[in-house]
There are 2 protein chains.
Amino acid sequence: MSEVLAATGEAVDSGDGPKPVRIGLLGRGNVGAAFAELLAERADAVEAATGRRPELAGVLTRSSGDFEAILERSDLVVELMGGTEPAREYAIAAMRAGRPFVTANKQLLAQHGDELFAVARECGVQLRFEAAVAAVIPIVRTIQEGFAATEIDKVYGIVNGTTNFILSEMAASGAGYDDILARAQELGYAEADPTDDVSGADAAAKMAILARLAFHTPVTLAEVTYEGIEAIQPDDLAFAKELGLSLKLLGVAERRGAGISVRVFPCFLYSGHPLAPIEGAFNAVMIQADAINEVTLSGPGAGGLQTASAVLGDVVSILAGDAPVHETRTELPIVGDVPSSFYLHLEVADQPGVLARIATVLGDHDVSVKSVVQRGIGEDARLVMVLHECLESSFARAVEALNGLDELRGPARSIHVIEEGF
Amino acid sequence: MSEVLAATGEAVDSGDGPKPVRIGLLGRGNVGAAFAELLAERADAVEAATGRRPELAGVLTRSSGDFEAILERSDLVVELMGGTEPAREYAIAAMRAGRPFVTANKQLLAQHGDELFAVARECGVQLRFEAAVAAVIPIVRTIQEGFAATEIDKVYGIVNGTTNFILSEMAASGAGYDDILARAQELGYAEADPTDDVSGADAAAKMAILARLAFHTPVTLAEVTYEGIEAIQPDDLAFAKELGLSLKLLGVAERRGAGISVRVFPCFLYSGHPLAPIEGAFNAVMIQADAINEVTLSGPGAGGLQTASAVLGDVVSILAGDAPVHETRTELPIVGDVPSSFYLHLEVADQPGVLARIATVLGDHDVSVKSVVQRGIGEDARLVMVLHECLESSFARAVEALNGLDELRGPARSIHVIEEGF
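Quick caveat: nothing in here was measured; it's all calculated off a predicted structure.

**Student:** Mind laying out the overall build of chain A, listing which residues take part and the relevant values?
**Tutor:** Across its full length, chain A carries 15 helices and 16 strands. Here chain A holds 422 residues, and the buried ones make up 52% of them. Within chain A, counting contacts between residues at least 6 apart in sequence, those at least 24 apart form 70% of the total.

Okay, structure coming up:
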């Protein structure tokens with residue numbers, strides 16, 4: 001834990017418990033506002049997890065607040081303003097003043113990583129930036145902490161949700177790039193000026209950060225070559241579908257001989273590739289190493305609340321220090337009987353009225369049929385159903401009743417189902 | 001950092017640098033042996049990441065070694081012996097002696113979690129167990145650290161590789177459970193006595209651990225209800241395929257009203273579910289919460305080396321303390337020209353000899369064709385190819401030459417390809 005945090009917190013543990021941790025927030029756009037709200041909402045949980053209660057010490061916006069004053073009364077600084085200046089200047093000032101610094105700013109890290117990491121080391125403060133790559137997907141933490149001693153060979157990433165959304169929609173609809181881009185803009189998945197996303201530049205900044213962490217070597221944004229999705233044609237996607245390939249804007253950082261290669265380009269993936277099923281505005285990163293085989297992390301790569309969650313996770317890690325010892329916060333009862341959906345397989349006598357009889361038994365137990373298929377004839381006749389969600393106890397009693405019917409040639413078989421939307 | 005580590009390390013920083021960290025290893029089976037080897041192999045990397053060099057202080061096996069003596073000369077204890085006794089006794093003794101404790105033992109945590117976490121808190125030592133659930137997939141770290149302040153609603157897990165392998169093979173081949181189980185045993189994916197895996201008991205222990213962490217509430221193995229895969233019939237899988245569903249042995253831990261439900265059962269998943277594409281001996285866990293939407297982590301869930309890697313990650317986290325500040329260890333050159341595979345789309349004149357001409361140009365630039373399809377006629381004639389891996393510079397020169405051919409009706413279009421095995 002940094003000296004500032006210790007000095008203002010643990011060391012001044014009066015009868016009222018430790019003082020709150022004062023957080024200086026730089027920026028109150030989409031993510032900044034979501035973070036401020038989440039921080040208030042989850043203050044109890046942060047206190048339970050870390051022993052320290054967070055509170056906002058001040059917010060710097062374009063039109064209000066003074067950085068020096070906010071820094072003075074903060075124990076920890078969170079930067080969500082974006083852009084490289086004055087974010088870089090503030091980051092350095094905060095760390096030099098001994099404040100741990102949390103940011104979601106990929107450009108800051110990709111362009112000024114060397115300088116920022118050097119200052120963090122020199123000042124002995126934490127610099128955390130989980131939200132800068134793939135929002136709430138814990139890829140920075142995983143590479144820096146879990147795999148810190150792992151010889152990573154490759155990092156493959158779908159790290160731009162806008163382009164993954166556009167490519168998914170183009171593949172699904174057969175429509176052209178311009179049409180789908182316009183739709184993405186309407187839906188809020190693409191900016192009015194989409195250049196940074198569709199050109200691959202945004203993904204390149206993220207890959208520069210991941211490559212640096214994975215290979216422990218300086219990588220600057222200028223060293224990452226990238227190619228965008230603007231030239232992709234619908235018929236490329238149609239051919240790909242025939243070949244069982246799916247198209248992604250892929251970031252690739254890999255060892256090549258005694259060096260590394262860090263690039264972003266549109267790429268067809270074979271259907272078994274761990275990144276092939278990632279559709280829509282999602283992000284995913286796959287890490288490959290001899291000792292781990294391959295590990296893939298996926299989830300929403302953007303969104304104010306998701307990004308704010310990743311920032312909050314960094315704040316919690318700083319406050320928690322080095323010891324994540326599980327602590328019981330509550331004693332939740334185990335609920336024995338829950339609603340579930342089921343698949344039901346019945347071997348039935350091939351005679352009129354069987355389905356009606358079975359549906360009646362199910363109905364008597366508050367179980368209703370969502371879909372049913374009749375298969376086979378004679379000795380092989382079967383009913384296969386998917387049922388609407390019902391209490392498991394009701395379902396168990398219904399099955400017991402069904403098993404008592406003369407019309408069944410064998411015991412009913414059932415399996416849980418999770419359908420879309422559940 | 002624990003007092004023991006500080007006392008034996010940082011405090012005694014003579015001219016030769018800090019003393020090594022002495023690791024006591026309990027157990028030398030498959031995972032234990034892999035860990036000992038990995039520790040030696042990655043000692044430099046651990047030192048680079050943490051400033052402390054690890055060395056084995058002693059190994060306790062069934063036939064050799066004395067626990068008390070090993071504990072005495074260890075700074076940190078790693079338990080890979082399995083079983084609940086004497087593992088529980090050793091864990092408590094180690095933590096009471098101030099030693100951080102790392103284990104891959106799911107039964108230990110699932111059955112004696114309350115006691116072990118209480119001792120860890122009381123003694124102020126770290127208890128880490130990433131490898132106990134889903135091997136090298138960083139799910140414990142993610143729930144405990146990144147999402148410590150997140151209100152998690154659901155944890156869905158494919159946490160048993162044996163059963164996922166069996167179900168994947170049954171679905172792919174149409175063969176019955178007994179046949180596939182026998183094959184899994186031959187391939188080493190299933191034990192001679194597979195009961196613990198196929199009954200769902202192994203998955204239940206892992207879900208007890210995940211539910212405890214996710215909901216901050218005591219969950220014991222006895223409270224987890226489970227159902228195995230022994231009764232699954234090939235025709236259930238056949239019907240599922242028709243319905244677009246895939247069958248998994250699913251662990252579900254979720255909030256239900258004011259309580260929670262923690263269960264393991266075979267379950268059909270709709271095709272868009274993040275766990276639906278997880279095939280073979282892999283594991284995956286999906287975490288759902290309002291603030292994060294859903295995050296999925298997947299990878300190999302077992303294997304000596306993979307499990308040992310997760311254990312090493314825990315050791316590194318303990319040694320690193322609270323500050324994962326990125327440090328450059330090397331300066332790797334960026335390799336500009338790398339081998340890649342490409343898809344190539346050519347709009348061509350519909351006349352004899354075109355393909356030969358194009359193949360010759362490609363061949364002249366050391367680019368060879370893996371597969372080719374001719375589509376359309378007349379004005380719409382096209383050649384679509386997938387090429388063998390070649391240097392990107394060769395490919396660029398080949399494309400330039402192709403674009404000079406009269407037979408091309410428009411510029412060649414190319415897209416990277418990653419095929420199976422690359």
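**Student:** Quick rundown of the packing of helix H2 (residues 30-41) of chain B against helix H13 (residues 304-320) of chain B? Include the residues and the values.
**Tutor:** Residue and element names in this part refer to chain B. Close contact between H2 and H13 brings their axes to 8 Å; oriented N to C, the two are set at 60 degrees. When the axes of H2 and H13 are compared, the pair comes out oblique. As H2 packs across H13, the resulting crossing turns out to be right-handed. Between H2 and H13, the residues in contact are Asn 30, Val 31, Ala 34, Phe 35, Leu 38 and Leu 39 and Gly 304, Leu 305, Thr 307, Ala 308, Ser 309, Val 311 and Leu 312, respectively. Looking at the contact of H2 with H13 residue by residue, the classes come out as nine nonpolar, four polar and no charged.

**Student:** Explain the pairing of strand S12 (residues 339-347) of chain A residue by residue, including any values.
**Tutor:** All names here are of chain A. Alignment of S12 against strand S15 (residues 390-391), held across two bridges, turns out to be antiparallel. By the bridge assignment for S15, Ser 340 is matched with Cys 390. As judged from the five bridges shared by S12 and strand S16 (residues 413-418), these two strands associate in the antiparallel manner. Counterpart to Leu 344 in the pairing with S16 is Ser 414. Of the strand pairs in this sheet, S12 and strand S14 (residues 382-387) are connected by five bridges, and their pairing is antiparallel. Bridge pairing in S14 links Leu 344 to Met 385.

**Student:** Help me get a handle on the relation of the copies chain B and chain A, residues and values and all.
**Tutor:** Note on the copies: chain B fits chain A at an RMSD of 0.0 Å, the axial shift is 0.0 Å, and the rotation between them is 180 degrees. The two molecules are tied by a two-fold rotation axis, judged by turn and shift. The overlap is high: 100% of the interface residues of chain B also sit at the interface in chain A, so the same surface is used on both sides.

**Student:** Outline the domain arrangement of chain A, supporting the account with residue identities and numerical values.
**Tutor:** Residues and elements named next belong to chain A. For chain A, the domain assignment lists domain 1 (3-132), domain 2 (139-302) and domain 3 (339-417). Computed over C-alpha atoms, the centres of domain 1 and domain 2 are 29 Å apart. Taken together, the contact between domain 1 and domain 2 spans ten residues of the former and ten residues of the latter. Classifying every residue of the side of domain 1 that touches domain 2 gives four nonpolar, three polar and three charged.

**Student:** Please provide a residue-by-residue account of the interface of chain B and chain A, values included.
**Tutor:** On the chain A side, the residues contacting the 95 residues of chain B number 96 residues. It is strand S9 (residues 259-270) of chain B that contributes the most residues to the side of chain B that touches chain A, ten residues altogether. Considering only residue class, the side of chain B that touches chain A consists of 51 nonpolar, 27 polar and 17 charged.

**Student:** Summarise the sheet that holds strand S1 (residues 21-26) of chain B; cite the residues concerned and give the values.
**Tutor:** Residue and element names in this part refer to chain B. Ordered in space as S2-S1-S3-S4-S5, the five strands form an open sheet in which the pairing is parallel. What marks the edges here is a single partner per strand, and that holds for strand S2 (54-60) and strand S5 (127-128). Examined bridge by bridge, S1 and S2 share six bridges and lie parallel to one another. Across the sheet, residue Leu 26 finds its bridge partner in S2, namely Leu 60.

**Student:** I'd like a description of helix H7 (residues 139-146) of chain A, backed by residues and values.
**Tutor:** Buried residues dominate H7 of chain A, accounting for seven of its eight residues. Taken as a whole, H7 of chain A has its buried residues at Ile 139, Val 140, Arg 141, Thr 142, Ile 143, Glu 145 and Gly 146 of chain A.

**Student:** An account of the packing of H7 of chain A against helix H11 (residues 201-215) of chain A is needed here, citing residue identities and associated values.
**Tutor:** All names here are of chain A. Remark: H7 packs on H11, axes separated minimally by 9 Å, with the N-to-C direction vectors making an angle of 15 degrees. The orientation of H7 with respect to H11, classified from their angle, is roughly parallel. Crossing geometry of H7 relative to H11 is assigned as left-handed. Residue-level contacts link Ile 139, Val 140, Ile 143 and Gln 144 of H7 to Leu 210, Leu 213 and Ala 214 of H11.

**Student:** Explain the sheet that holds strand S3 (residues 76-79) of chain A residue by residue, including any values.
**Tutor:** All names here are of chain A. Here we have five strands laid out as an open sheet, ordered S2-S1-S3-S4-S5, and parallel in their pairing. The sheet terminates laterally at strand S2 (54-60) and strand S5 (127-128), the two strands that pair on one side only. Each of strand S1 (21-26), S2, S3, strand S4 (101-103) and S5 touches helix H13 (residues 304-320); the most contacted strand, S3, lies at about 165 degrees to it.

**Student:** Which residues make up the environment of Leu 383 of chain B, and what values go with them?
**Tutor:** Residue and element names in this part refer to chain B. Within the fold, Leu 383 resides in strand S14 (residues 382-387). Taking the C-beta count within 10 Å as the criterion, Leu 383 has 22 such neighbours and is therefore assigned buried. Once the C-alpha coordinates of Leu 383 and Ala 412 are considered, the two residues, 29 residues apart in sequence, prove to be 9.9 Å apart.

**Student:** Got a sec to walk through the pairing of strand S9 (residues 259-270) of chain A? Specific residues and values, please.
**Tutor:** Consecutive residues of a regular strand have side chains that alternate between opposite faces of the sheet. In terms of residue burial, S9 of chain A counts as a mostly covered element, since nine of its twelve residues are buried. Inspection of the sheet shows strand S7 (residues 225-226) of chain A paired to S9 of chain A by two bridges, in the parallel sense. Bridging from a neighbouring strand, Tyr 226 of chain A pairs with Val 264 of chain A of S9 of chain A. Where strand S8 (residues 245-256) of chain A meets S9 of chain A, twelve bridges bridge the pair, whose relative direction is antiparallel. Counterpart to Ala 253 of chain A in the pairing with S9 of chain A is Val 262 of chain A. Here S8 of chain A folds back onto S9 of chain A, and the loop between the two strands holds two residues, one of which, Gly 257 of chain A, carries a positive phi near 60 degrees. Sheet topology note: the S9 of chain A/strand S16 (residues 413-418) of chain B ladder contains three bridges and is parallel. Paired with Leu 269 of chain A across the strands is Ile 418 of chain B, a residue of S16 of chain B.

**Student:** Can you explain unusual backbone geometry? Please cite residues and give values.
**Tutor:** Look at the link from Glu 85 of chain A to Pro 86 of chain A: it is a cis peptide, with omega at 5 degrees. Within the secondary structure, Pro 86 of chain A is located in the loop between S3 and helix H5 (87-96). If you check the backbone angles, Ala 134 of chain B has positive phi at about 60 degrees while not being a glycine. Note on placement: Ala 134 of chain B falls in the loop between S5 and helix H7 (139-146). Under the C-beta neighbour-count criterion, Ala 134 of chain B is labelled buried, with 32 such atoms within 10 Å. In this model, Ala 135 of chain B sits at a positive phi of 45 degrees, which is unusual for a non-glycine residue. Tracing the sequence through the fold places Ala 135 of chain B in the loop between S5 and H7.

**Student:** Summarise the environment of Ile 232 of chain B; cite the residues concerned and give the values.
**Tutor:** Residues and elements named next belong to chain B. Tracing the backbone shows Ile 232 in the loop between strand S7 (225-226) and helix H12 (234-242). Take Ile 232: there are 24 C-beta atoms within 10 Å of it, and that puts it in the buried class. Along the backbone, Ile 232 and His 326 are 94 residues apart, and their C-alpha atoms lie at a distance of 49 Å. The residues touching Ile 232, leaving out its near neighbours within four places in the chain, are Met 170, Tyr 177, Leu 247 and Pro 266.

**Student:** How would you summarise helix H8 (residues 161-173) of chain B if you had to cite specific residues and measurements?
**Tutor:** Residue and element names in this part refer to chain B. In this model, H8 (13 residues) spans 18 Å end to end at C-alpha, consistent with the 18 Å of a helix rising 1.5 Å per residue. The buried count for H8 comes to eleven of 13 residues, which makes it a mostly enclosed element. Considered for burial, the residues of H8 that qualify are Gly 161, Thr 162, Thr 163, Asn 164, Phe 165, Ile 166, Leu 167, Ser 168, Glu 169, Met 170 and Ala 171. The inward-facing, buried residues of H8 abut strand S6 (152-158), helix H9 (177-187), helix H10 (195-198), H12, strand S8 (245-256) and strand S10 (282-289). Positive backbone phi, approximately 80 degrees, marks Gly 174, located one or two places after H8.

Criteria and cut-off values
Residues numbered from 1 in each chain as written. Chains lettered and ligands numbered in written order. Predicted model: local features only at pLDDT ≥ 70, side-chain atom pairs only at ≥ 80, totals over all residues. Helix = DSSP H or I, 4+ residues; strand = E, 2+ residues; numbered from the N terminus. Buried ≥ 20, exposed ≤ 12 C-beta atoms within 10 Å, placed from the backbone. Contact = placed C-beta atoms within 7 Å. Axes fitted to C-alpha atoms, helices over the stretch in contact; angles between N-to-C directions. Parallel < 35°, antiparallel > 145°, perpendicular 65-115°, else oblique. Left-handed = near helix turned anticlockwise from the far one by under 90°. Nonpolar A, V, L, I, M, F, W, Y, C, P; charged D, E, K, R; others polar. Pairing = 2+ DSSP bridges. Least-squares fit on C-alpha atoms with pLDDT ≥ 70 in both. Domains from an automatic or database assignment. Expected span 1.5 Å × (residues − 1).

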